[in-house]
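One-letter residues, chain by chain:
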Amino acid sequence: MQVTFYKYQGTGNDFIIVDNRSSQIDKNDTKRIAELCDRRFGIGADGFILLENDKNSDFRMVYYNSDGNESTMCGNGGRSIVAFAKDIGLIESEVEFLAIDGLHKAKINDGSVKLQMQDVHSIEIHKNHLFLDTGSPHHVEMVSNLSEFEVKSNGAKIRYDEPYGKAGSNVNFVEQIADDTFAVRTYERGVEDETLSCGTGVTAVALAMHKCERSMANNITLQTQGGELSVKFRENDNGYEDIWLIGPAKFVFKGEIVW
């Protein structure tokens, strides 16, 4: 079976996207999904995304990590599928779609996508790090000289260590640039490597930096290896709400694959 795929990227976080509204894809074929994400033997991507029908929203997003397993929410993937939906004429400038963590609203204008994330009610503050869930679990840790930091080796140790264990956590290493600006590098579980950017990761960093009072801003700039993102939010008595992840999402190329 011939299937058309589309390659998108959001600040260097890249995805294979397939329009699966006709349900032609075998979603249980995790081996094939992993093969397609392989950068030497496949198309190459950090993740694989299906756009499907949903009776209560504009569409449903089904997200897989590059290891082929269905995973938790992906912020840059969410922004990329919004750009894809606009490009194929499914939406105009505003959208509501279903992901694994619930409904998300988004707005797109001139290639910039604003994605509303789920409210965050709990941020754990530990001696050397913070932990929170922004649709995916995130460990947030401050380091010095981030540009020279060994993200893959250090991230892998934390990702598999207690208390995260087999389920694991994404791991973000952070360096402060200004009151409202932070540099971030992320080790992603399921990719098992550093990615150029992580949307749920920078969202976690922005909220964590506000929570531990390293920043008093509610509009924070995050510098990743793949580009710049921003996160806006409001603090309330229960945590954080009205959280928006903002940045570019761009079409790269399309092609045909045999499924």
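First things first, this report covers the structure right here in the doc. (Residues numbered from 1 in each chain as written. Predicted model: local features only at pLDDT ≥ 70, side-chain atom pairs only at ≥ 80, totals over all residues. Heavy atoms only, no water.)

1. Brief notes about the packing of aromatic side chains
Then step 1. Applying the stated criterion across every chain yields a total of eleven aromatic pairs.
Then step 2. With a centroid separation of 6.0 Å and 65° between ring planes, the pair formed by F48 and Y64 is classed as edge-to-face. Residue F48 is located in strand 3 (residues 47–52), and its partner Y64 is located in strand 4 (residues 59–65); the two are separated by 16 residues in the primary sequence. Each of the two residues, F48 as well as Y64, counts as buried.
Then step 3. What links up through ring pairs into an aromatic cluster is the set Y6, Y8, F84 and F251.
Then step 4. A cation over an aromatic ring shows up here: K114 above the ring of W244, its NZ or CZ 5.5 Å from the ring centre.
Then step 5. The side chain of R159 reaches across the aromatic face of Y160, ending 4.1 Å from its centre. (Phe/Tyr/Trp six-rings, centres within 6.5 Å; stacked < 30°, edge-to-face > 60°. Helix = DSSP H or I, 4+ residues; strand = E, 2+ residues; numbered from the N terminus. Buried < 20%, exposed > 50% of the residue type's maximum accessible area, 1.4 Å probe, protein only. Lys NZ or Arg CZ within 6 Å of the ring centre and 35° of its normal.)

2. Here we look at the side chain of H129
Then step 1. On the secondary structure map, H129 appears in the loop between strand 8 (123–125) and strand 9 (130–133).
Then step 2. The buried category is assigned to H129, whose relative accessible area is 18%.
Then step 3. In this structure, H129 is in contact with E124, H139, V140, E141 and Y164, ignoring residues within four places of it in sequence. (Contact = heavy atoms within 4.5 Å.)

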